[in-house]
Amino acid sequence: MSDSGARQRTSTSVDRNGQKRSLPQISRIGVVGAGVMGRSIAEAVIYGGFGVTLFDVDLDFARAQMEVTLVQITKRIDSGKAPQSSIDQVDLTVADSISNLSDCDLVIEAIAEDLPLKKSLFLELERHLSKEAILATNTSSLSPNSIFSGLSERGRSIGLHFFNPATHMKLVEIIPTQFTTPETLDVAFEFVKRIGKSPVQAQVSPGFIVNRVARPYYSNSWRLLDESQLTPREIDALLVGCGGFKMGPFELMDLIGHDVNEAVTRSVFEQLYYDPKYRPSIRQRELVAAGLLGRKSGRGIYDHEVRGDRGEETPPGDGSDREKNKAPEDHGNFTFNGVIGEEIAPLLIRSNLAIAFNHGPDSHLLDGTTITITDGRSANELEATHGGKGSIILDYFFDVSKTSTIAFSRSNAVSDEQVEQVRSLLSSCSIELIEVGDVPGLVVARTISSIINIACELEGSAVASREDIDLAMRLGVNYPKGPFEFARAIGPKRVLELLLRLSNFYGDGYFSPSIHLRHLATTA
Ligand code: NAD
């Protein structure tokens, strides 16, 4: 059964370099592991018009998962969202033995994240499949080079990293190993496109693209909890309401599960030989040790079992903050005693106030207290350079029309009254100010700059292209912009300057700018 005639079929295709290539046609896909990922990969593959054979060591579980899948597909067919018009057109079977996968042209492995288990599975698959069949792993943190290392024919092996749930997430990271043939790579690209997904390519490296570039989104927020006066809810609100992210880091980690999130962080850190930019959080480790894993255990950073008056389940930045800070109808009596510079001016476009704008960079109150956008210095450091005049620092903002919250810090000379003046000014544009404490780089600026730093490291070390990194972060974790798009919006030189200052201030290597960011800043 291991030499099916079906696999002799080929199609001609133009590869990614514009060359014509004869590719083996694939029609039947095997999915091994019927858990969270395997089940949703099987469903996504069905929508691509392929036949699917599902296999799991737990046969009863695989059968139950097939039933779940058929129900899901039926729902989609009924709502007109599936390409099939009837469930009769769906070819989904469960294999009761691994040898029943022998007529598959591509097998996607989605079993437990365990190297010896995965290695022995592929050795067994190799015995049953034809020589042309492609072997793919959905590992998120292991090296595909290691997973496939025991195979006698490694040219047809590849990483295909889907995101959860594979039915909805558009991104698939394609990871060729040291041995993957160009033909296997082309078939993988063609397959991913045929199931309606967007492929990006990454070299084998810890966390590939998304799981590596996303690390600072989480680790910065843990550092901020240690260092600032902010609560998790405020940090979430700032990254959503000012950074434009769909979910704040803490609510996202509660959703992912702190056990999973911490394990990925630790694995990337260890695999990168303990690079301090990827250092895990002791706070998160202790949350895991206490069994506070997030939504799945009822409690993580937030209490998911408490509902009602305390609003624990209300996601931050969902508009409720904005409602609370809605601009009063009439601003007639409000006057701002100072000058608004061009850096701050865009924030005020929603205001009905008649404001005299200054055509220089500086904004200040009439007593000389400056209001600036962060450049990585602390407010007290700025105060010292301004001869003791107070300093208010605002965070980075991007899409002004969507900015609902913004972080600020102040130096010791700034009074509560002065803060109230700035607060009223921004509140007239429905923007809430949240005080951070004198933390250099505030919240959004330091987080996004760190993300850009890692993205530069990946591009510079040829793990992935700039375009693929941007696409991966937008589709894989719903970032409002890719890291290089953020870098263009801020200016790479400014990002570098901010990180150099933070790096100097903290001295622990976490903010250390990569050489690739330094190159980008000098060539941009
Ligand atoms: P899961 O625990 O939900 O499912 C794993 C399944 O594999 C189980 O049903 C188990 O019975 C089966 N299994 C274990 N050993 C087997 C074997 N030798 N042969 C056949 N079946 C076997 O796990 P999951 O979350 O679906 O993760 C699967 C893989 O996908 C892992 O490598 C993980 O890193 C990766 N991944 C997970 C996610 C995610 O969000 N869960 C996202 C991307 C990638």
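Quick note: structure is the one above.
Residues numbered from 1 in each chain as written. Predicted model: local features only at pLDDT ≥ 70, side-chain atom pairs only at ≥ 80, totals over all residues. Heavy atoms only, no water.

## Description of unusual backbone geometry
With an omega dihedral of -5°, the bond running from Asn 164 to Pro 165 counts as a cis peptide bond. Within the secondary structure, Pro 165 sits in the loop between strand E8 (157-162) and strand E9 (171-176). The phi torsion at Tyr 274 lies on the positive side, around 60°, for a residue other than glycine. Position of Tyr 274 among the secondary structure elements: in the loop between helix H10 (258-271) and helix H11 (282-289). The exposure class assigned to Tyr 274 is exposed, which follows from its relative accessible area of 51%. (Helix = DSSP H or I, 4+ residues; strand = E, 2+ residues; numbered from the N terminus. Buried < 20%, exposed > 50% of the residue type's maximum accessible area, 1.4 Å probe, protein only.)

## Quick notes on the site of the ligand
Not every one of the 21 residues close to the ligand is listed here, only the nearest: Met 37, Asp 56, Glu 113, Lys 118 and Ser 140. Counting only elements with at least two residues in the shell around the ligand, the list comes to helix H1 (36-47), helix H3 (115-128) and E8. Considered class by class, the residues forming the shell around the ligand number eleven nonpolar, seven polar and three charged. (Near = heavy atom within 4 Å. Nonpolar A, V, L, I, M, F, W, Y, C, P; charged D, E, K, R; others polar.)

## Concerning the packing of aromatic side chains
Overall, the coordinates contain 14 aromatic pairs when judged by the stated rule. Every member of this aromatic cluster is reached through a ring pair, and the members are Tyr 217, Tyr 218, Phe 245, Tyr 396, Phe 398, Tyr 479 and Phe 486. Sitting above the plane of the Tyr 506 ring, Arg 223 keeps its charged end 5.3 Å from the centroid. Across the ring face of Tyr 510, the terminal group of Arg 223 is positioned such that the distance to the ring centre comes to 4.1 Å. (Phe/Tyr/Trp six-rings, centres within 6.5 Å; stacked < 30°, edge-to-face > 60°. Lys NZ or Arg CZ within 6 Å of the ring centre and 35° of its normal.)

## Topic: helix H8 (residues 232-241)
Among the ten residues of H8, seven are classified as buried, and the element is accordingly described as predominantly covered. Of the positions making up H8, those classed as buried are Ile 235, Asp 236, Ala 237, Leu 238, Leu 239, Val 240 and Gly 241.

## Considerations on the environment of Phe 269
Within the secondary structure, Phe 269 is located in helix H10. Phe 269 sits in the buried class, given a relative accessible area of 13%. Sequence-wise, Phe 269 and Arg 279 are ten residues apart; in three dimensions their C-alpha atoms are separated by 6.1 Å. In this structure, Phe 269 is in contact with Tyr 274, Asp 275, Pro 276, Tyr 278, Arg 279 and Pro 280, ignoring residues within four places of it in sequence. (Contact = heavy atoms within 4.5 Å.)

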